[in-house]
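# Working through the structure, step by step
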Amino acid sequence: VPEPAEAVPAVTEALADLKQYASFPEPRDLALRIFPQDAHVEVISNGTLETLTPSRRDKDVAWYRTDAGAVWLDAQGYLPAALPLPAGSGTVEAKLERPSDVIRKLSELPTGYQPKSVRFSPDGRSIYVTHLGDFTALSQYSVEPFRKIRDLNVPEEYRGDSAFVETLILEGRGEIWVTQMTRNAVHIFDMDSGRYLDTIDISGNWPKVLLANREESRVYVSCWNSEAVIEIDTASRRELRALSTSGIPRGLAFGSDESELLAAIFSSAAVDRIDLATGELIAVHDAAPGRNYAMRHIVHDERRGEYYITAMGYSRVYRLSEFGEWLGYWEVGDKPNTCAISPDGRWLFVSCRGPNNPDIGYLYKGYEFGKVYVIDLESGKPVEWIWGRDQTTGLDVSPDGRFLAFSNFLSHSLELYEVAP
């Protein structure tokens, strides 16, 4: 066995990193939950690296006996990393990064309970995160440096419930809007001060996604239980009408001239097309009649004249032309949620929640982390993916294209990545 000074560079790096951490006084049982699960867990022994053998495994957790203060994680096709070990006895979780020509991890921060949507501010300097399971409606984070700035809270009369879902920024009005699902409400905050401004109580039940037209004169809200989209006048902050859909609407997008509204239907495999002049449902574009693919999110690629729709129940992202023709799909990870196009039109980023817990349901951690897929829109192919954490959900790209951010719903965290020029 060569001495550390003569070792290959990767081993030299590992030894240097691990020597920063003191060993514990006595060996202890260590529970590790690591992705990929075939990663080698290594410690320093007699001046070189030794791979630890787990004493047992149970689904996604492996147990080791060691006194090490840190371990080295290494797996084929991944960047190795040192993992410092806390003094406590709980399960330690970690993931390795895959080499990427597109994105590189910068940092990660804890969030409130069950972070849902992620949205960059128009200047790209802030990130707003909603919480489905927290009484705090929104948290604002700065990008450089990456840290929490403040919480934005609704009045006490609305704080008895949580269920804050999606956001919308009206840059011209200096406002940020957020839906509160269980209260059938849309709350409005001042962008600069974070001050609460108003609440619009709507007739729709379980509001989800918000979409504004270019002039910011109208906002549309998809409402889950009432199977309708509510139209709001932004000047008066009053509801104007309810537009019926063919099923449960989630994601929203406009047609190219904003005369039509498209809604992804979660209770089928369809996308509805609504005429905004008449309010009539004029077409139901069904990718698989009679099937429920749980169409969740929809974005419009104006350069290519296509829409991309995540099929949460079928591990796909579908392509729909502006004329209503299905153009195919991409296979992605389990439970695709949110997707976003980079401002230069090159990349489509897709958050995938990962498999549900098969024993006790989706509100509990499953046995695999979520993922973020990268689709090259020029070649029309998925090119890579990275690990998120438990139930990777909300996702957004900064307006200048420099950063990608996403939330991990059951790990209660926000991750920030740099996007290659």
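Everything numeric in this text was worked out from a predicted model, so none of it was measured. Along each chain, residues carry numbers from 1 onward, in the same order as the chain's sequence is written. Since the coordinates come from a predicted model, pLDDT governs what is reported: local features require at least 70, and pairs of side-chain atoms require 80 or more to be given and counted, while whole-chain, interface and lining totals use all residues. Water and hydrogen atoms were dropped before computing side-chain values, which therefore reflect all heavy atoms in the structure.

Of regular secondary structure, the protein chain possesses one helix and 36 strands. Radius of gyration: C-alpha atoms only; globule rule: 2.2 Å multiplied by the number of residues to the exponent 0.38. Against the 2.2 N^0.38 benchmark of 22 Å for 421 residues, the protein chain shows a C-alpha radius of gyration of 23 Å, consistent with a compact globule. Taken along its principal axes, the extent of the C-alpha atoms in the protein chain is 80 × 50 × 40 Å. Residue burial is assigned from relative accessible area. The probe radius is 1.4 Å, only protein chains are included, and a residue is buried under 20% of its type maximum, exposed over 50%, and partly exposed in between. Put simply, the protein chain has 421 residues, and 56% of those count as buried. Surface accessibility of the protein chain: about 17,900 Å² in total, with carbon and sulfur atoms responsible for 46%. In the protein chain, 43 side chains carry a positive charge and 62 a negative one; their mean positions are 2 Å apart. Secondary structure elements are defined from DSSP: runs of H or I of at least 4 residues count as helices, runs of E of at least 2 residues count as strands, and each element is numbered from the N terminus. Per-residue accessibility takes into account occlusion by the displayed protein chains alone, with areas from the Shrake-Rupley method and a 1.4 Å probe. For the purpose of charge, His is not counted, nor are the chain termini; Lys and Arg are scored as positive and Asp and Glu as negative. For this purpose, a charge sits on NZ of Lys, CZ of Arg, CG of Asp or CD of Glu.

With that settled, consider the state of the cysteines. For this text, the term disulfide refers to a pair of cysteine sulfurs within 2.5 Å. Overall, the coordinates contain zero disulfides when judged by the stated rule. A disulfide-free cysteine, Cys339 has its sulfur positioned 9.9 Å from the sulfur of Cys352, the nearest such atom. When its relative accessible area of 2% is taken as the criterion, Cys339 is described as buried.

A few words on the pairing of strand β20 (residues 228–233). The buried fraction of β20 is high, at six of six residues. Pairing between strands requires that DSSP locate at least two bridges from one strand to the other. Hairpin geometry of strand β19 (residues 218–223) and β20 is characterised by an intervening segment of four residues between the two adjacent antiparallel strands and by a positive phi of about 50° at Glu227. One ladder, built from six bridges, connects β20 with strand β21 (residues 238–244); its direction is antiparallel. Each bridged residue has a counterpart across the sheet, and for Asp233 the counterpart in β21 is Arg238. Count of turn residues in the β20/β21 antiparallel hairpin: four residues, of which Arg237 carries a positive phi of about 55°.

This part is about the sheet that holds strand β11 (residues 126–131). Strand order in the open sheet formed by four strands is β10-β11-β12-β13, with antiparallel pairing between adjacent strands. Only two strands of the sheet have a single partner each, and these edge strands are β10 (115–120) and β13 (147–152). Geometrically, the sheet is characterised by an average inter-axis angle of 25° between neighbouring strands, direction not taken into account. Summarising the sheet, β11 and strand β12 (residues 138–142) pair through five bridges and their orientation is antiparallel. Here an axis means a line fitted to C-alpha atoms, over the contact stretch when the element is a helix, while the angle between two N-to-C directions is reported on a 0 to 180 degree scale.

Our focus in this paragraph is the pairing of strand β3 (residues 48–51). Across four bridges, strand β2 (residues 40–45) lies against β3 in antiparallel orientation. By the bridge assignment for β3, Glu42 is matched with Thr51. Connecting β2 to the antiparallel partner β3 that follows it, the hairpin turn spans two residues, and Asn46 within it adopts a positive phi of roughly 55°.

This part is about the nonpolar core. Across soluble globular proteins, you tend to see nonpolar side chains buried next to one another. We call a set of buried Ala, Val, Leu, Ile, Met, Phe, Trp, Tyr and Cys residues a nonpolar core when their side-chain atoms join them within 4.5 Å. Ranked by internal contacts, the top residues of the largest apolar core, which has 36 residues, are Leu32, Val41, Leu73, Leu83, Tyr308, Leu348 and Val350. Looking at this core, the element that brings in the most residues is strand β1 (residues 28–35), giving four residues. When checking whether two residues touch, look at their non-hydrogen atoms; a contact exists if any pair is within 4.5 Å. Other than its neighbours up to four places away in sequence, Leu348 contacts Val299, Tyr308, Val317, Trp330, Cys339, Ala340, Ile341, Tyr373, Val374, Ile375 and Leu377.

Considering the arrangement of structural elements, one finds Tyr220 in strand β19. Judged by its relative accessible area of 4%, Tyr220 falls in the buried class. Residues Tyr220 and Val129, 91 residues apart in the sequence, show an inter-C-alpha distance of 20 Å. Among all residues touching Tyr220, those that are not within four sequence positions of it are Val209, Leu210, Leu211, Val229, Ile230, Glu231, Leu243, Leu252, Phe254, Leu261 and Leu276.

Turning our eyes to something else, we now look at the sheet that holds strand β23 (residues 260–265). Spatially, four strands are ordered β22-β23-β24-β25 in an open sheet, and the strand pairing comes out antiparallel. Only two strands of the sheet have a single partner each, and these edge strands are β22 (249–254) and β25 (281–286). Sheet twist, expressed as the average angle between the axes of neighbouring strands with direction ignored, equals 25°. Where β23 meets strand β24 (residues 270–275), five bridges bridge the pair, whose relative direction is antiparallel.

Note: pLDDT gives the predictor's confidence per residue, expressed from 0 to 100. Taken residue by residue, the protein chain gives an average pLDDT of 95. The fraction at 70 or more is 98%. In the model, residues 1–7 has pLDDT below 50 throughout and makes six contacts with residues more than four positions away in sequence or in other chains.

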